[in-house]
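Reading the structure
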Amino acid sequence: MTARITGPAALTGYVGAITAANWLTARYGMVPVGAGLLTTAGTFAAGAALLLRDTVQDLLGRGWVLAGITTGAALTWATSPALAVASATAFLAAELADMGVYTPLRHRGWARAVLASNAVGAVVDTLLFLLLAGFPITAATVGGQLVGKLAWATLLPVAAVVTVRRWRRAVPGHALGA
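Residues numbered from 1 in each chain as written. Predicted model: local features only at pLDDT ≥ 70, side-chain atom pairs only at ≥ 80, totals over all residues. Heavy atoms only, no water.

**Brief notes about the overall build of the protein**
Counting its regular elements, the protein contains six helices and two strands. Mapped in sequence order, the helices and strands of the protein form the string α-β-β-α-α-α-α-α. What you see for the protein is a C-alpha radius of gyration of 16 Å, in line with the 16 Å of a compact globule of 178 residues. A principal-axis box enclosing the C-alpha atoms of the protein has dimensions of 55 × 35 × 30 Å. When each of the 178 residues of the protein is scored for burial, the buried share is 39%. For the protein, the exposed area adds up to about 8600 Å²; of that, 71% sits on carbon and sulfur atoms. (Helix = DSSP H or I, 4+ residues; strand = E, 2+ residues; numbered from the N terminus. Rg over C-alpha atoms; globule rule 2.2 N^0.38 Å. Buried < 20%, exposed > 50% of the residue type's maximum accessible area, 1.4 Å probe, protein only. Areas by Shrake-Rupley, 256 points an atom, 1.4 Å probe, with all protein chains shown as cover.)

Shown next as structure tokens:
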């Protein structure tokens, strides 16, 4: 039997990632990530949200992605109204950019669509969020955000999923491949 993520689980993870990203940022602000780069403390959770957004779209549809953004913003409002507005605006703009890339590419393969759409979505989300939340837009902050969102929260999980899928196909009859 193969374990598969369900739509409600993906949506819950998406809302949780948005809320965690904003809570971490409100609590810790900017943090160093090495090589002179800085990022908001919630960047890695925001990167996970970018990946989960595509899963929610696949399993439940675009409307549920918008519901997830709204719910994440509402939960964030309790901690930081300013971050809630910045986050919702940035995630919404990133979602629109993502749809323009992910949806047309999805038929050519999940990994290709996720990598391309997350690259576009991460740039849009990063620039808008930093601007609206009042963080500096510098090479160090934009670079740090993109490293977190693209390398850590996109490339590594996509590589893991692709590896597991290949392994499952290569091992017929294995409990995970069945």
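Having seen it, we continue.
**Observations concerning the packing of aromatic side chains**
Enumeration over the complete set of coordinates arrives at two aromatic pairs. Centre to centre, the rings of Trp23 and Tyr28 are 6.3 Å apart; their planes meet at 85°, and the pair counts as edge-to-face. (Phe/Tyr/Trp six-rings, centres within 6.5 Å; stacked < 30°, edge-to-face > 60°.)

**A short note on the nonpolar core**
Grouped together as the largest cluster of nonpolar side chains are 16 residues, with contacts concentrated most on Tyr14, Ile18, Ala49, Val56, Ile69 and Phe91. Looking at this core, the elements with two or more residues in it are α1 (7–28), α2 (43–60) and α3 (62–77). With seven residues, the top contributor of residues to this core is α1. Ignoring anything within four residues of it in the chain, the contact list for Val56 reads Ala10, Leu11, Tyr14, Gly61, Trp64 and Val65. Ranked by size, the runner-up nonpolar core spans eight residues in total, among them Leu51, Val101, Tyr102 and Val158. (Core = buried A, V, L, I, M, F, W, Y, C linked by side-chain atoms within 4.5 Å. Contact = heavy atoms within 4.5 Å.)

**Focus: the packing of α2 against helix α5 (residues 110–133)**
Where α2 contacts α5, the axes come no closer than 9 Å and their chain directions differ by 125°. Taken together, the axis directions place α2 and α5 in an arrangement best described as oblique. Crossing of α2 against α5: the hand is right-handed. From α2, Leu50, Leu51, Arg53, Asp54 and Asp58 reach across to α5, where they touch Trp110, Val114, Ser117, Asn118, Gly121 and Ala122. Tallied by class, the residues present in the contact of α2 with α5 amount to five nonpolar, three polar and three charged. (Axes fitted to C-alpha atoms, helices over the stretch in contact; angles between N-to-C directions. Parallel < 35°, antiparallel > 145°, perpendicular 65-115°, else oblique. Left-handed = near helix turned anticlockwise from the far one by under 90°. Nonpolar A, V, L, I, M, F, W, Y, C, P; charged D, E, K, R; others polar.)

**A word on the side chain of Thr154**
When you line up the elements, Thr154 lands in helix α6 (residues 139–170). With a relative accessible area of 1%, Thr154 lands in the buried category. Side-chain polar atoms of Thr154 contact the backbone oxygen of Lys149, separated by 2.7 Å. When near neighbours in sequence (up to four residues on either side) are disregarded, Thr154 contacts Val114, Leu115, Asn118 and Lys149. (Polar contact = N/O pair within 3.5 Å; in protein donor to acceptor, adjacent residues only side chain to side chain.)

**Thoughts on a nonpolar patch on the surface**
On the surface, Val123, Leu127, Leu131, Leu132 and Ile137 cluster together to form a nonpolar patch covering roughly 420 Å² of accessible area. Here Val123 lies in helix α5. A relative accessible area of 36% means that Val123 is categorised as partly exposed. (Patch = residues over 30% accessible without salt bridge, like charges linked within 9 Å, V, L, I, M, F, W, Y side chains within 5 Å. Salt bridge = Lys/Arg side-chain N within 4 Å of Asp/Glu carboxyl O.)

**Re the pattern of salt bridges**
Where charged atoms from two side chains of opposite charge come close, those side chains can pair. Tallied over the full model, the rule gives four salt bridges. Residue Arg53 pairs with Asp98 through a salt bridge whose shortest N-O separation is 2.9 Å. Placement of Arg53 in helix α2 and of Asp98 in helix α4 (residues 81–105) is noted, with a sequence separation of 45 residues between them. Assessed through its relative accessible area of 1%, Arg53 is described here as buried. Here Lys149 makes a salt bridge to Asp125, at a shortest N to O gap of 2.6 Å. Of this pair, Lys149 sits in helix α6 while Asp125 sits in helix α5, placing them 24 residues apart in sequence. On the basis of relative accessible area, Lys149 is assigned to the buried category, the value being 1%. On the basis of relative accessible area, Asp125 is assigned to the buried category, the value being 4%. Linked through salt bridges whose partners overlap, the residues forming this network are Arg53, Glu95 and Asp98.

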